[in-house]
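A look at the structure
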Amino acid sequence: MNIFGIKIPMMASLLIWAVVWEIVGQLELSILLPPFSHIIIRLFEIVPTATFFSAFWITAKCFLIGTGIAIIVGIPVGVLMGRSIVIDRMLLPWVNMFLSAPLTALVPVLMTLFGFGTKTIILTTVLFAVWIIVLDARAGVKNITPSLIEMTKSFQANFWQAFTMVYVWAALPEILAGIRLGCIRSVKGVIIGQLLVSVVGFGRLFELYSANFLMEHMWALLFVLFFFAFLIAEGLGILERKFEYYAASRG
Amino acid sequence: MSTFFKHPLTLRLLSVLIAAGFWEYLGRIPISPAFPTFLQTMSALGGMLADGSMVSVYPATFQPLLIGLIISSVFGIFCGVLMGLNVKAEWFGAPLFIVLQSAPLAALIPLLTFAYGIGLTSKILTVCIMATPVIVLNAYSAVRHTPTSMIEMGQSYLGSNLQIIMKIIIPAASPVIYAGLRLGAAMGFIGAILAELLITPTGIGDLITYNQSIAEYDKMYAAIFSIMAFAVLFIEILERTEYMFFRPDKRVTQ
Amino acid sequence: MSALAEAVPVENPEIAVSVNDVTKIYPGGVEALNDMTIQFPKGELTSLLGPSGCGKTTLLKIIAGLLKPTSGTVTVNGIPVTGPGRERAFVFQDFALMPWASVLRNAAFGLELQGVAKSERHAIAEKYIEAVGLKGYENLYPHELSGGMRQRVGLARALAVNAEVLLMDEPFSAVDEQTRRKFQEDLLQVVADEQKTFIFVTHSIEEAVYVSQSIALLLPRPSRVSEIIRPDIRRDISPDAIRRDPVYLDIVERIWQGLRTYVE
């Protein structure tokens, strides 16, 4: 937007929202919204503590392992589906189903099978992330120009060569989009998992704060989470735009 | 013969059979005492459907879900379309929803419970915070990316702003808006179940946690199976309504 | 003997569209048009021909009222253009058909926006759908048509509003070569039948020479009208004979010689 001929960056509007929040908080309109400034002060108070750090570390570990598994499993499955009609037709209904199914209903199952610990949280993360990664890798491979695939065949590449040298690269724009969306989902998964398990990581902190009515602490925690979630999403978005030209040769 | 084996329906049936068989096998090993077989789960499902214990819990799950989805859809589409049409609204709103879209908003649930108690309001709001961002952002980007030539066409044939919005921009955006509604509905289901597991056990969430607590795992699995099947069906129906109301071109070729 | 010498100047032709000293600078400083002046005689097809970057589409959109010139004026029948108007209809390069609307609704859409009653606008649209050779396709949807047929719907839509001036922005560029030739022949028929002024943007020399009564040759950097050519080729012979006519070929060659230095 332009004001008096000066281009104001989009993200600047977040500052206005912060000011509105501060005013609402100062007027004590809702117990849900303590003043913005108090939350920021609280944030600097709790972030250096050991409890926070260990909770953050558990969350980061679960997120990284879960997303890693989802990527390592998701991309090859997606590429296979893109290349083989039989596999595609057998797996696609499941992928679509899990993409729109309420995965939270499965977390109790994971808890009964794997206990109330990081294992369940990691698996929840995988469940949230993997389907979109599969679907996008599949779409990417399906979008590869036919002549590129024919070129690969005409030079007698075996499947492994074709997979590592052509398919993954030619489908990279979609694969990266899948990874980005997968990461956004796995951030949600890792938090939902912790909320339901509620004895480790941030889940335990949430319990602690809400049991003691510490609204400012809760928001401070949320701000940290939102900040990292946004950072991950935007970072991957930038990466994705860098490789957009891999799809440029498609008609 | 090979065309029969490659037919989509054959393969779909085959994959369902393989999955069910695999489930049955895992249940019979058994991998865990808390893991019922496929057949046990299905018979529990049949029993719960027959004695009405399953059907009776659905209204409780559905109430916050539907109210929440309706609020999120109306509010979300309105905000999204407004942001797509108006530069000021875009500048003001888009960053907020971009942040909210990537944020794990489920973490707000303890706050909502804290502020609004354990009743219906908290559950409706849970559905709303999960569903709204994706609906807003889809509507926004769909409207924002209406093909320029289509809008120029409306202008050159002297369409009023209202005509261009109603006859060109909204129908052109409708597939992506609908995609947002589908994603929003999926997130809404996630939120509704999460609320039932986290805030107070009611509806299908109660059925899951209760049967879990008394170790009736076949019934627990049956409840989970039913809500997942139900969600998929619900979203499928939503998709059909789009073809019916907005895109006659897709309906004809179906 | 050159083609130009054969060209007979028309005595005071009536002017339909007049572009006076139009300059267009896009936000960011790109100068698309620089002090352009050009006139389009009534009832004729005038081509705007030139290499990419010469501002021909910009000029057409300014005439259509879709873009505002930075300075200068455009008048249609002596009345200054301030925006789109009923006396002008636009044919789009990418057809700009609504995928969710049938051929009939697409063709009648200009009238629908004017508030013409349904039965009336459908009757008019049907007439023009038939005129462009799509009778029987009324209830199909754009994705069921070939590119050439889609552009015929775009043309029917433009004809249906009965505008005096038709603005065509590279209408055949997204159409394959064979279809394109047939389309050009049909266009000549439409020009003969309808007493309308056509302004036709193209980057194909052959197309411009074949369909136009006059060609405005536009050159880039700075964009300007380099010359107006009236390809006085015979119209009483068959289309194939025209394409082999030495006069036709000479004009094509001469324009190419003028343009070749501007092609990268």
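Residues numbered from 1 in each chain as written. Chains lettered and ligands numbered in written order. Predicted model: local features only at pLDDT ≥ 70, side-chain atom pairs only at ≥ 80, totals over all residues.

**Quick word on the sheet that holds strand E4 (residues 71–76) of chain C**
Residue and element names in this part refer to chain C. With antiparallel pairing, the 4 strands of this open sheet are ordered in space as E2-E1-E4-E5. The outermost strands of the open sheet, each flanked by one partner alone, are strand E2 (31–41) and strand E5 (79–80). Where strand E1 (residues 15–25) and E4 come together, 5 bridges link them in antiparallel fashion. If you follow Asn20 over to E4, its bridge partner there is Thr73. (Pairing = 2+ DSSP bridges. Helix = DSSP H or I, 4+ residues; strand = E, 2+ residues; numbered from the N terminus.)

**Points about the packing of helix H4 (residues 85–100) of chain A against helix H2 (residues 8–28) of chain B**
As a packed pair, H4(A) and H2(B) sit with axes 8 Å apart at the nearest point and diverge in direction by 60°. Taken together, H4(A) and H2(B) sit at an angle that is classed as oblique. The two elements H4(A) and H2(B) meet at a crossing, and its hand is right-handed. Counting all contacts with H4(A), which are made through Val86(A), Arg89(A), Met90(A), Leu91(A) and Pro93(A), the residues of H2(B) involved are Pro8(B), Leu11(B), Arg12(B), Leu14(B) and Ser15(B). Residue classes in the contact of H4(A) with H2(B) are distributed as 7 nonpolar, 1 polar and 2 charged. (Axes fitted to C-alpha atoms, helices over the stretch in contact; angles between N-to-C directions. Parallel < 35°, antiparallel > 145°, perpendicular 65-115°, else oblique. Left-handed = near helix turned anticlockwise from the far one by under 90°. Contact = placed C-beta atoms within 7 Å. Nonpolar A, V, L, I, M, F, W, Y, C, P; charged D, E, K, R; others polar.)

**Focus: the confidence of the model for chain A**
For chain A, per-residue confidence averages 87 on the pLDDT scale, and residues scoring 70 or more make up 95% of the total. Least confident of the elements in chain A is strand E1 (residues 2–3) of chain A, whose mean pLDDT is 62; most confident is helix H6 (residues 118–142) of chain A, at 93. (pLDDT = per-residue confidence, 0-100.)

**Description of the interface of chain C and chain B**
Each side of the interface is counted separately: chain C has 18 residues, and chain B has 17 residues. In terms of residues, the side of chain C that touches chain B owes the most to one element, helix H4 (residues 109–114) of chain C, which gives 4 residues.

**A short note on the nonpolar core**
Counting residues in hydrophobic clusters, the biggest one holds 216 residues, and the most contacted among them are Ile133(A), Ala139(B), Ile63(C), Ala107(C), Ala156(C), Leu167(C) and Ile199(C). Ignoring anything within four residues of it in the chain, the contact list for Ala107(C) reads Ala125(C), Tyr128(C), Ile129(C), Val153(C), Ala156(C), Arg157(C) and Ala160(C). (Core = buried A, V, L, I, M, F, W, Y, C linked by C-beta atoms within 7 Å. Buried ≥ 20, exposed ≤ 12 C-beta atoms within 10 Å, placed from the backbone.)

**Quick word on the arrangement of the chains**
With 2 pairs of chains in contact, the largest contact count belongs to chains A and B. Here chain A and chain C are not in contact; the least distance found between their C-alpha atoms is 12 Å.

**Here we look at the interface of chain B and chain A**
Counting residues at the interface gives 46 residues for chain B, matched by 45 residues for chain A. Of all the secondary structure elements, the ones that give two or more residues to the side of chain B that touches chain A are H2, helix H5 (87–102), helix H6 (109–116), helix H9 (161–198), helix H10 (203–213) and helix H11 (217–245) of chain B. In terms of residue count, the dominant contributor to the side of chain B that touches chain A is H5(B) (9 residues).

**Overview of the environment of Ile79(C)**
All names here are of chain C. Positionally, Ile79 belongs in strand E5. You can call Ile79 exposed: it has 10 C-beta atoms within 10 Å. Residues Ile79 and Val17, spaced 62 residues apart in sequence, show a C-alpha to C-alpha distance of 9.3 Å.

**Re the environment of Ala222(B)**
All names here are of chain B. Here Ala222 shows up in helix H11. For Ala222, a count of 26 C-beta atoms within 10 Å gives the class buried. Setting aside anything within four residues of it in sequence, one finds Ala222 in contact with Thr41, Ala44, Leu45 and Met48.

**With respect to the pairing of strand E8 (residues 197–202) of chain C**
The side chains of a regular strand alternate, first on one face of the sheet and then on the other. Residues and elements named next belong to chain C. Burial analysis of E8 places 6 of its 6 residues in the buried class, the great majority of the element. Summarising the sheet, strand E3 (residues 45–49) and E8 pair through 5 bridges and their orientation is parallel. Considered in E8, the bridge of Thr46 is made with Ile199. Running through helix H7 (residues 177–193), the crossover from strand E7 (residues 165–169) to the neighbouring parallel element E8 is right-handed. (Right-handed = clockwise from strand over helix to strand, strands pointing away.)

**A closer look at helix H10 (residues 201–211) of chain A**
Where H10(A) is concerned, the buried positions are Gly201(A), Phe202(A), Gly203(A), Leu205(A), Phe206(A) and Tyr209(A). Residues of H10(A) that are buried in the fold lie against helix H3 (50–83), helix H9 (172–197) and helix H11 (215–242) of chain A together with H6 of chain B. Where H10(A) ends, the next residue or the one after it, Phe213(A), has phi of about 55°, a positive value.

**Some points on helix H5 (residues 118–131) of chain C**
Residues and elements named next belong to chain C. Given a rise of 1.5 Å per residue, 14 residues ought to cover 20 Å, and the 20 Å separating the end C-alpha atoms of H5 matches this to within 8%. Listing the buried residues of H5 in full gives Arg121, Ala125, Tyr128 and Ile129. The buried residues of H5 occupy an angular sector of 105° when the element is viewed end-on, so they sit on one face. Among the exposed residues of H5, those pointing more than 90 degrees away from its buried face are Ser119 and Glu120. Contacts made by the buried residues of H5 are with helix H3 (103–107), H4 and helix H6 (147–160). (Expected span 1.5 Å × (residues − 1). Arc of directions from axis to C-beta.)

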